[in-house]
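Below are the chains, spelled out letter by letter.
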Amino acid sequence: MTEQTSARLNYQGGDLELPVQSAVEGNVGLDIAPLLKTTGAVTYDPGFMNTANAKSAITYIDGDAGILRYRGYPIEQLAEHSSFLEVSYLLIYGELPTQQQLTDFDNVTRRHTLLHEELRDFFGGFPRDAHPMPVLSSAVSALSTYYPDSLDPFNKDHVERSTYRMLAKVPTIAAYAYKKSIGQPMLYPDNNLTLVENLIRGCFGVPAEQFELDPDMVKALDTLLILHADHEQNCSTSTVRLVGSSQANLFASVSAGINALYGPAHGGANEAVLGMLRQIQSGDVSPEAFMEKVKNKEAGVRLMGFGHRVYKNYDPRARVVKGLADDLLAKLGGDDELFDIAQRLEQKALEDDYFIERKLYPNVDFYTGLIYKAMGFPEKMFTVLFALGRLPGWIAQWREMIEDPSTKIGRPRQLYIGEPERNYPGA
Ligand SMILES: CC(=O)SCCNC(=O)CCNC(=O)[C@H](O)C(C)(C)COP(=O)(O)OP(=O)(O)OC[C@H]1O[C@@H](n2cnc3c(N)ncnc32)[C@H](O)[C@@H]1OP(=O)(O)O
Ligand SMILES: O=C([O-])CC(=O)C(=O)O
């Protein structure tokens, strides 16, 4: 069979030949760049349901089959055998590190965990009960003011420096944001600890008190971060790329990505799932009545943690997370009643025509909140944990975009539906 290299489109009575861009594993894209010049028409695709904005070698998803791979490696294998640090290296540099490369990467990220004292003081400016997500995005944006030596997107040394600064400092910022939100003093990071260990100690440790890490919790959090590490052109990653396409630096671009992640239709869903489960647990509404509301689309109620733009099958990460929840909730002292409610909702949805017809399955965050909660994190930290997981993906995608000579500034078109020209009164 010969590979198709172009497609013919009939537009207003004339034939139009459009090139086909092929990728791997059957991915093809119709190159519509010549369309505007030839016909004067733009494509209309709200929500970019059908638009590829980049060629990328980082993450592969087959949404119909429920397959996810980072740099070719199946997510299930990475979750079982790798570490978050190793996966971060893989995403950013394209290959698994050698032992020496991993040691060097570990050392460089451990050495840069501290924040400037002035940046630490910046946390004092937020209200006492500030939600940690906007605190996180603000502090990440503020990082660029301390590191003028790493802001040039086209200077390889600058990019390298901002990469490890970001990986090392964002967990410290997350822990500070958490301490701020509960009114406790912040803890300086301990560079004898790994990134994940430091995060846990930074959140749950108390100054001048010995802190003992729970190895089950460290392993589980590491696995959850791996599962969230990249997901090709999702809303926050596309935001990072869009902001970066204006040649904004990595700190500014990632800060924008954190804000995009905050919404409940995206990363904020993990917090919203817990809210939904608690509402049912409180007796306000039975699981059956809640499902009726969802199906009747009452006041926009959705089954949070369900549905996905790309997966029209079970999200492979949700399978791993559910297995983790099964193992861990007993060990960490989780809320069995909430887990029960979640499982009942899932069962009902999987048997219901509304969900079957629309191919709605649990996504990565249907069960994560129950694990985070069992670890002791309050709901408002859930999306921060997602952001920490997604960080290497954002960095890898930003770097790929910057290095790609075909990158153009992101600038969609529109279909204007406002007033035609009219005269200003008296003009
Ligand atoms: C890490 C992540 O970001 S994963 C996603 C996290 N978000 C959530 O869990 C929030 C709940 N889910 C959703 O809102 C959606 O499924 C999204 C935002 C994830 C994907 O949205 P889209 O791809 O734009 O699908 P869209 O919103 O058009 O939904 C398609 C149909 O399924 C329905 N639907 C989608 N998700 C749900 C849901 N969770 N509960 C009930 N109905 C749903 C829609 O009402 C729509 O029905 P219709 O055809 O009768 O109008
Ligand atoms: O890909 C998406 O649309 C949402 C996302 O980030 C994820 O599922 O991890």
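Criteria and thresholds
Note on numbering: residues in each chain are counted from 1, in written sequence order. Key to labels: chains lettered from A, ligands numbered from 1, both in the order written. The predicted nature of this model means local features are confined to residues of pLDDT at least 70 and side-chain atom pairs, given and counted, to a pLDDT of 80 or more, with totals for whole chains, interfaces and linings taken over all residues. With hydrogens and water stripped out, all remaining heavy atoms of the structure feed into the side-chain values. UniProt positions are given in the numbering used here, feature names are shortened, and annotations may be inferred rather than shown by experiment. Whether a residue is near a molecule or strand depends on its heavy atoms: it is near if one of them lies within 4 Å of it. Here a polar contact is recorded for every N or O atom pair within 3.5 Å, except that within protein the pair must consist of a potential hydrogen donor and a potential acceptor, and residues adjacent in sequence are included only if both atoms are side-chain atoms. For the accessible areas, the method is Shrake-Rupley and the probe is 1.4 Å, while residue cover comes only from the protein chains on display. Here the term charged refers only to Asp, Glu, Lys and Arg, the term nonpolar to Ala, Val, Leu, Ile, Met, Phe, Trp, Tyr, Cys and Pro, and the term polar to all other amino acids, Gly among them. An automatic or database domain assignment is the source of the domain bounds shown. Between the rings of Phe, Tyr and Trp (Trp by its six-membered ring), a pair exists once the centres lie within 6.5 Å; its type follows the angle of the planes, with under 30 degrees stacked, over 60 edge-to-face, and the other angles tilted. Helix and strand definitions follow DSSP, with helices as H or I runs of at least four residues and strands as E runs of at least two, each counted in order from the N terminus. Working definition: with a 1.4 Å probe on protein chains only, accessible area under 20% of the residue-type maximum means buried, over 50% means exposed, and in between means partly exposed. Ring-over charges, as used throughout, are those where CZ of Arg or NZ of Lys falls within 6 Å of the ring centre and within 35 degrees of the ring normal. In this analysis, two residues are considered to be in contact whenever any of their non-hydrogen atoms come within 4.5 Å of each other.

Per an unreviewed UniProt entry, the recorded name for the chain is Citrate synthase, and the organism is Nesterenkonia jeotgali. As its UniProt record puts it under Sequence similarities (unreviewed entry), the chain is described as follows: "Belongs to the citrate synthase family."

Undergrad: If you had to explain the site of ligand 2 to someone new, which residues and values would you point to?
TA: Taken together, His231, Asn234, His266, His308, Arg317 and Arg390 form the complete shell of residues around ligand 2. One of the side-chain N or O atoms of His231 is found 2.7 Å from an oxygen atom in ligand 2. Between an oxygen atom of ligand 2 and a side-chain N or O atom of His308, the distance comes to 2.7 Å. For ligand 2, the accessible surface in isolation is 270 Å², of which the surrounding protein chains cover 85%. Considered class by class, the residues forming the shell around ligand 2 number no nonpolar, 4 polar and 2 charged. Structurally, the shell around ligand 2 is a two-domain feature, drawing no fewer than three residues from each of domain 2 (75-264 + 378-401) and domain 3 (266-373).

Undergrad: Report on the packing of aromatic side chains, specifying residues and quantitative values.
TA: With the rule as written, the count across this model stands at 15 aromatic pairs. Centre to centre, the rings of Tyr89 and Phe105 are 5.3 Å apart; their planes meet at 85°, and the pair counts as edge-to-face. Residue Tyr89 is located in helix H3 (residues 84-93), and its partner Phe105 is located in helix H4 (residues 99-111); the two are separated by 16 residues in the primary sequence. Taking the centre distance of 5.9 Å and the plane angle of 70° together, the rings of Tyr178 and Phe204 count as edge-to-face. One end of the pair, Tyr178, is in helix H7 (residues 156-182); the other, Phe204, is in helix H8 (residues 195-204), and 26 residues separate them in sequence. Accessibility expressed as a relative area gives 23% for Phe204, which makes it partly exposed. Each member of the aromatic cluster is reached from another via a ring pair, and the members are Phe306, Phe339, Tyr354, Phe355, Phe366 and Tyr367. Across the ring face of Tyr314, the terminal group of Arg319 is positioned such that the distance to the ring centre comes to 4.5 Å. One residue, Arg358, lies across the ring of Tyr354, its end atom 3.8 Å from the ring centre.

Undergrad: Go over the domain arrangement of the chain with me, naming the residues and quoting the values.
TA: By the assigned domains, the chain splits into domain 1 (4-51), domain 2 (75-264 + 378-401) and domain 3 (266-373). Here the C-alpha centre of domain 2 lies 38 Å away from the C-alpha centre of domain 1.

Undergrad: Any details on the UniProt feature "active site" (unreviewed entry) in the chain? Residues and values, ideally.
TA: Within this structure's numbering, the places UniProt gives as "active site" (unreviewed entry) are His308 and Asp365. In three dimensions, the annotated residues from a span of 58 residues occupy one location, with a maximal C-alpha spread of 10.9 Å. Exposure remark for His308: the relative accessible area of 23% places this residue in the partly exposed category. Here the side chain of His308 touches Tyr311 through a polar contact of 3.2 Å, landing on its backbone nitrogen. The residues contacting Asp365, other than those within four sequence positions of it, are His228, Gly267, Asn270, Val273 and Phe386.

Undergrad: So what's going on with the site of ligand 1? Which residues, and what values?
TA: The immediate surroundings of ligand 1 are formed by 20 residues, with His266, Lys297, Arg302, Leu303 and Arg309 found nearest. Contacts to ligand 1 include His266, whose side-chain N or O atom sits 2.7 Å from an oxygen atom. A distance of 2.9 Å is found between an oxygen atom of ligand 1 and a backbone nitrogen or oxygen belonging to Gly305. Within the complex, the protein chains bury 74% of what would otherwise be the 920 Å² of accessible surface of ligand 1.

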